[in-house]
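# Remarks on the overall topology
Here is how the chains run, residue by residue.
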Amino acid sequence: MRVFITGGTGLIGSAIIDKLIKKDHHVIALARSSASASKLRVAGATPLMGDITTPQNWINGLPDIDAVIHAACDFSDQMPRIDANLLDHLIPALHRMPGTVRFIYTGGVWSYPETKPGQIADETVPFASLPDFDWMIAGINRILGDEKLHGIIIHPGCVYATGRHGHTGLFHRAITSGQSDKRITTVGGDDINQPMVHTDDLADLYYRALINATAGSSYIGVAINGVSNKTVAELIAKHFAIAECRFETISKQTAMDRLGNWAAGLAHHQHVSSAKAMRELGWKPKHLDIDQDIKACAAALTGQS
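Quick caveat: nothing in here was measured; it's all calculated off a predicted structure.

Time to look at the overall build of the chain. Along the backbone of the chain there are 10 helices and 11 strands. Radius of gyration (C-alpha) of the chain: 19 Å, near the 19 Å computed for a compact globule of 305 residues. Oriented by its inertia axes, the alpha-carbon framework of the chain measures out at about 60 × 40 × 40 Å. When the 305 residues of the chain are sorted by exposure, 52% land in the buried category. Roughly 13,600 Å² of accessible area belongs to the chain as shown, and the carbon and sulfur atoms make up 49% of that amount. Each charge sign in the chain was given a centre, from 28 positive and 30 negative side chains, and these centres are 4 Å apart.

At a minimum axis separation of 9 Å, helix α3 (residues 79–95) and helix α4 (residues 134–144) run at an interaxial angle of 15°. On the basis of their axis angle, the class for α3 and α4 is roughly parallel. Like other packed secondary-structure pairs, α3 and α4 cross with a definite hand, here right-handed. Where α3 approaches α4, its residues Met79, Pro80, Asp83, Ala84, Leu87, Asp88 and Ile91 are matched on the opposing element by Trp135, Gly139, Arg142 and Ile143.

A separate point is the side chain of His268. The topology assignment puts His268 in the loop between α8 (252–259) and α9 (275–281). In contact with His268, other than residues within four places in its own chain, are Trp110, Tyr112, Pro113, Glu114, Leu130, Ile192, Asn193 and Gln194.

Before going further, it helps to examine the pattern of salt bridges. Evaluation of the coordinates by the stated rule reveals 8 salt bridges. Put simply, Asp18 and Arg164 hold a salt bridge, and the shortest N to O gap is 2.3 Å. With Asp18 in helix α1 (residues 11–22) and Arg164 in the loop between β7 (158–160) and α5 (172–181), this pair connects stretches of sequence that are 146 residues apart. The salt bridge partner of Glu248 is Arg183, with a shortest N-O separation of 3.4 Å. Remark: Arg183 occurs in strand β8 (residues 183–187) and Glu248 occurs in strand β11 (residues 246–250); sequence separation between them is 65 residues. For Arg183, a relative accessible area of 24% puts it in the partly exposed group. Connected through shared salt-bridge partners, Asp181, Arg183, Glu248 and Arg258 make up one network.

It is worth spelling out the packing of aromatic side chains at this point. Centre-to-centre distance and the angle between the planes together describe a pair of aromatic rings. Taken as a whole and assessed by the stated rule, the structure comprises 6 aromatic pairs. Pairing Phe4 with Trp58 gives two aromatic rings, centres 5.7 Å apart and planes at 50°, and the pair type is tilted. With Phe4 in strand β1 (residues 2–6) and Trp58 in the loop between β3 (46–49) and β4 (67–70), this residue pair connects regions lying 54 residues apart in the sequence. Accessibility assignment for this pair places Phe4 and Trp58 in one class, buried. Geometrically, the ring pair formed by Phe75 and Trp262 is stacked, given 4.5 Å between the ring centres and 15° between the ring planes. Of this pair, Phe75 sits in the loop between β4 and α3 while Trp262 is found in the loop between α8 and α9, placing the two residues 187 residues apart along the sequence. By relative accessible area, Phe75 is classed as partly exposed at 44%.

The next subject is the environment of Gln56. Mapped onto the fold, Gln56 is located in the loop between β3 and β4. In this structure Gln56 comes out as partly exposed when scored by relative accessible area, which is 41%. Separated by 198 residues in sequence, Gln56 and Thr254 place their C-alpha atoms 38 Å apart. Setting aside chain neighbours within four positions, we find Gln56 in contact with Asn85 and His89.

With 8 of its 8 residues buried, strand β6 (residues 149–156) lies for the most part within the structure. By the alternation rule, side chains of β6 split into Leu149, Gly151, Ile153 and His155 and His150, Ile152, Ile154 and Pro156, which are all buried. Examined bridge by bridge, strand β5 (residues 101–106) and β6 share 6 bridges and lie parallel to one another. When the sheet's bridge partners are listed, Arg102 is paired in β6 with His150. Between β5 and its parallel partner β6, the chain crosses via α4, and the hand of that crossover is right-handed. As paired strands, β6 and strand β10 (residues 217–221) are joined by 5 bridges and run parallel to one another. Counted as the bridge partner of Ile153 is Ser218 from β10.

Reading the values: rules and limits
- Residues numbered from 1 in each chain as written.
- Predicted model: local features only at pLDDT ≥ 70, side-chain atom pairs only at ≥ 80, totals over all residues.
- Heavy atoms only, no water.
- Helix = DSSP H or I, 4+ residues; strand = E, 2+ residues; numbered from the N terminus.
- Rg over C-alpha atoms; globule rule 2.2 N^0.38 Å.
- Buried < 20%, exposed > 50% of the residue type's maximum accessible area, 1.4 Å probe, protein only.
- Areas by Shrake-Rupley, 256 points an atom, 1.4 Å probe, with all protein chains shown as cover.
- Lys, Arg positive; Asp, Glu negative; His and termini not counted.
- Charge placed at Lys NZ, Arg CZ, Asp CG, Glu CD.
- Axes fitted to C-alpha atoms, helices over the stretch in contact; angles between N-to-C directions.
- Parallel < 35°, antiparallel > 145°, perpendicular 65-115°, else oblique.
- Left-handed = near helix turned anticlockwise from the far one by under 90°.
- Contact = heavy atoms within 4.5 Å.
- Salt bridge = Lys/Arg side-chain N within 4 Å of Asp/Glu carboxyl O.
- Phe/Tyr/Trp six-rings, centres within 6.5 Å; stacked < 30°, edge-to-face > 60°.
- Pairing = 2+ DSSP bridges.
- Right-handed = clockwise from strand over helix to strand, strands pointing away.

Function-wise, these values are silent; they only describe arrangement.
Here is the structure:
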């Protein structure tokens, strides 16, 4: 299969490319710099020079493809305009392809509401997106509502990695501040639980959806529930050997003031189920022990065992 990927050097996209190349698919990936293009070639993908902010500059160079995986995103306040403009150019180009294109669009669990104690959310729960992520709902509706596309939606949990390609994802801020200032900050309270997924498990879900998901399908991708912000912070301090680490909790509003409105998600308490993906696609996440994964991350980045 010929697959076009946006965000191919990012946290999610790089793992997806590794998975697709391993499965002998041909990957074309958008590259916004020569450094990104070099990384993509090393990974085995064919770079297409361009940026999601200016699709008009590269869309005519897109070769015939069988599928698209849209994994590019940033947390800027320009993302609603960027994503809508990208789809304005990309969708018509896909309509001109020889066959029906499978389009996997990336949503997120922050499109779903917080859960109360004892409550578990799944794909049947109505969206209640954080305001800064309403644009995702608009994108989802465009992809699923287009009868000329084979639309599929993946809603990742909070994504982390254990050092491959230099990525740590969800852990990045805590590792950085812990190592530089001996301080790790959590948002909204020690007992906030964020549903998590390792990027390699998530890549496997994208692959399974690409091959087997029916048009109009949506899947939540979460492997770990019920781990508190406090626990994650303490494990990072432990495995990265941050002596006398200070732990602080800030309010959601303070986080938004410091990082941007998207940071409201860091205080979004959820327990969500991926039973549908497991049942329909045979998805079986392997990374289920956050303690061992943070230990592996520290070993990869610092050489500690």
